[in-house]
Amino acid sequence: MLSTHAAEVRIDHPAYDKKWAATVTERSVFYAPRWGAMYRQKWEELVKIDPNTRAVAIHLHGCGGLAGYEFQVATFMMNQLGLAVITPDFTARPGNKTGCPSVLGVSLPSETGGRERIREGIFTAVNSARLDARTDDVEALVAYVKTITDKPIILSGHSEGGRTVYHYDKVDSRIIGMAIHQQSCGSNYAHLWRLPTSYKTWQSLDDRDAWAAVPNGAVPNCAYRFKGDKQSNLTLFMQAGDNHAPLNTPAMKDSFAQWVNGLLGGPFVKQLVHNEVFLEGLQNKYRNAGN
């Protein structure tokens, strides 16, 4: 029987087929600075020419799928930091399930099928096939962003999404930073780590977060992965608490903001831009589609 602390396992499933990465933009929500959530076609026009967009963040949800946390993180990113944000829904792949096991083997009332997820071993982050599929989605989104804009890209993930960030192994000059929200680097998931430590990386942790703890109850950070001259590439924010939510205190938000602003050369300065500026490009897009 598998547990939340099981050794390396790989179990393939049709939901993890690489072909589903081609649908990732159809499974995503898009956010633009000062404008909020919107449909993809308008987002593409805004990101191209709105000076308020400094970079694009791809933010990955946790084991439960796309929900409220992603909206909260995206709102902070776009309004306070000038980031256009894409939040893909990995669990929407056909045949997929949410990947939430129970905390330390104890089912919670808010969960569905926690014990079953543990027994199956298919739909939990310990399964490297699941993380491979999630990084397939990331690669597809990175390629998509490059067709829209030449602005830099930040990869960001919460919980299982954080594991996806550190499972990403591509070195890409367009990606300027990696953010791991509320996820640890315990040896029980060591087989998932593939992240090049040449990336500037930010990590947040609550020191009593049961979702990020290892069997002895500790919540280990990722510093041991950044060796030698790469040590300075990790910015760690760790606080006392047991909150698993991303950006859950003003101090955590401030640390993340300082890290992003450091990557982008200074704080976000909002500029007033009228909606009319984007209309012609958007209207032309639909005019051409109708021909």
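Above this text you will find the structure in question.
What you see is a predicted model; the values in this text were computed from it and never measured.

S.K.: Would you mind going over the nonpolar core with me for this structure?
M.R.: If you look at soluble globular proteins, the nonpolar side chains tend to sit buried side by side. Residues W43 and L155 are the most contacted members of the largest nonpolar core, which totals 41 residues. Where this core is concerned, the elements lending two or more residues are β1 (28-32), α1 (40-49), β3 (55-60), β4 (83-88), α4 (128-148), β5 (153-158), α5 (160-167) and β6 (175-181). Per-element tally for this core: the top contributor is α4, with seven residues. A57, A74, W202 and M252 belong to the second largest nonpolar core, which has 21 residues in total.

S.K.: Please clarify how the state of the cysteines should be interpreted in this entry.
M.R.: Covalently bonding the sulfur atom of one cysteine to the sulfur atom of another cysteine gives a disulfide. Overall, the coordinates contain two disulfides when judged by the stated rule. If one numbers only the bonded cysteines of the chain, in the order they occur, the disulfide pattern is 1-2, 3-4.

S.K.: Teacher, can you tell me more about the sheet that holds strand β7 (residues 201-206) here?
M.R.: In a beta sheet, neighbouring strands pair by backbone hydrogen bonds and run either parallel or antiparallel. With mixed pairing, eight strands are arranged side by side in an open sheet as β2-β1-β4-β3-β5-β6-β7-β8. In this open sheet, the two edge strands, each paired with only one partner strand, are β2 (36-38) and β8 (234-239). Ignoring strand direction, the axes of neighbouring strands in this sheet form an average angle of 20°. In this fold α4 packs onto β1, β3, β4, β5 and β6, with an angle of close to 165° to the strand it touches most, β3. Lying over the sheet, α5 contacts β3, β5 and β6, oriented at roughly 135° with respect to β5.

S.K.: Would you take a moment to explain the packing of aromatic side chains for this structure?
M.R.: One pair of aromatic rings is described through two measures. These are the centre distance and the angle between the planes. All told, the structure shown has 11 aromatic pairs when counted by the stated rule. Note on W43 and Y144: the rings are 6.2 Å apart at their centroids and 20° apart in plane angle, and the pair reads as stacked. With W43 in helix α1 and Y144 in helix α4, the pair connects residues that are 101 residues apart, well separated along the chain. Using a relative accessible area of 0% as the deciding quantity, one classes W43 as buried. Judged by its relative accessible area of 12%, Y144 is buried. Taken together, the ring pairs connect Y16, F90 and F123 into an aromatic cluster. A cation sits over an aromatic face here: R34 above W35, 5.7 Å from the ring centre. When the ring centre of Y189 is taken as reference, the NZ or CZ atom of R163 above it lies at 3.7 Å.

S.K.: Before we go on, may I ask you to explain α5 in this structure?
M.R.: An α-helical turn contains 3.6 residues, so a residue and the one three or four places further along point in the same direction. Along α5, eight of the eight residues are buried, which leaves the element largely enclosed by surrounding structure. Those residues of α5 that fall on the buried side of the exposure criterion are E160, G161, G162, R163, T164, V165, Y166 and H167.

S.K.: Help me out: how do you make sense of the packing of α4 against α5 in this one?
M.R.: Between α4 and α5, the least distance of the axes is 9 Å, while the angle of their chain directions is 75°. Taken as axis vectors, α4 and α5 run roughly perpendicular relative to one another. Every residue of α5 that contacts α4 at S128, R130, L131, D132, R134, T135 and V138 is listed here: E160, G161, R163, T164 and H167. Grouping the constituent residues of the contact of α4 with α5 by class yields two nonpolar, five polar and five charged.

S.K.: Which parts of the structure should I look at to understand the pattern of salt bridges?
M.R.: When their charged atoms lie close together, side chains carrying opposite charge are able to pair. Evaluation of the coordinates by the stated rule reveals 19 salt bridges. With a closest N to O distance of 3.0 Å, K18 and D136 form a salt bridge. Note that K18 is positioned in the segment before β1 and D136 in helix α4, a separation of 118 residues in sequence. Residue K18 is classed as exposed on the basis of its relative accessible area of 53%. Because the salt bridges share partners, they merge into one network encompassing R10, D12, D132, E139, D169, K170 and R194.

S.K.: Hey, could you run me through the pairing of β4 in this one?
M.R.: By the criterion of burial, β4 is predominantly enclosed, with six of the six residues buried. Residues L83, V85 and T87 of β4 are buried on one face, and the alternating residues A84, I86 and P88, pointing to the opposite face, are buried as well. Of the pairings in the sheet, the one linking β1 to β4 comprises four bridges and is antiparallel in character. Bridging across to β4, V29 finds its partner in T87. In this structure, β3 lies alongside β4, joined through four bridges in parallel fashion. Within the sheet, the bridge partner assigned to A57 lies in β4 and is V85.

Reading guide: rules and limits
- Residues numbered from 1 in each chain as written.
- Predicted model: local features only at pLDDT ≥ 70, side-chain atom pairs only at ≥ 80, totals over all residues.
- Heavy atoms only, no water.
- Core = buried A, V, L, I, M, F, W, Y, C linked by side-chain atoms within 4.5 Å.
- Buried < 20%, exposed > 50% of the residue type's maximum accessible area, 1.4 Å probe, protein only.
- Helix = DSSP H or I, 4+ residues; strand = E, 2+ residues; numbered from the N terminus.
- Disulfide = S-S within 2.5 Å.
- Pairing = 2+ DSSP bridges.
- Axes fitted to C-alpha atoms, helices over the stretch in contact; angles between N-to-C directions.
- Contact = heavy atoms within 4.5 Å.
- Phe/Tyr/Trp six-rings, centres within 6.5 Å; stacked < 30°, edge-to-face > 60°.
- Lys NZ or Arg CZ within 6 Å of the ring centre and 35° of its normal.
- Parallel < 35°, antiparallel > 145°, perpendicular 65-115°, else oblique.
- Nonpolar A, V, L, I, M, F, W, Y, C, P; charged D, E, K, R; others polar.
- Salt bridge = Lys/Arg side-chain N within 4 Å of Asp/Glu carboxyl O.

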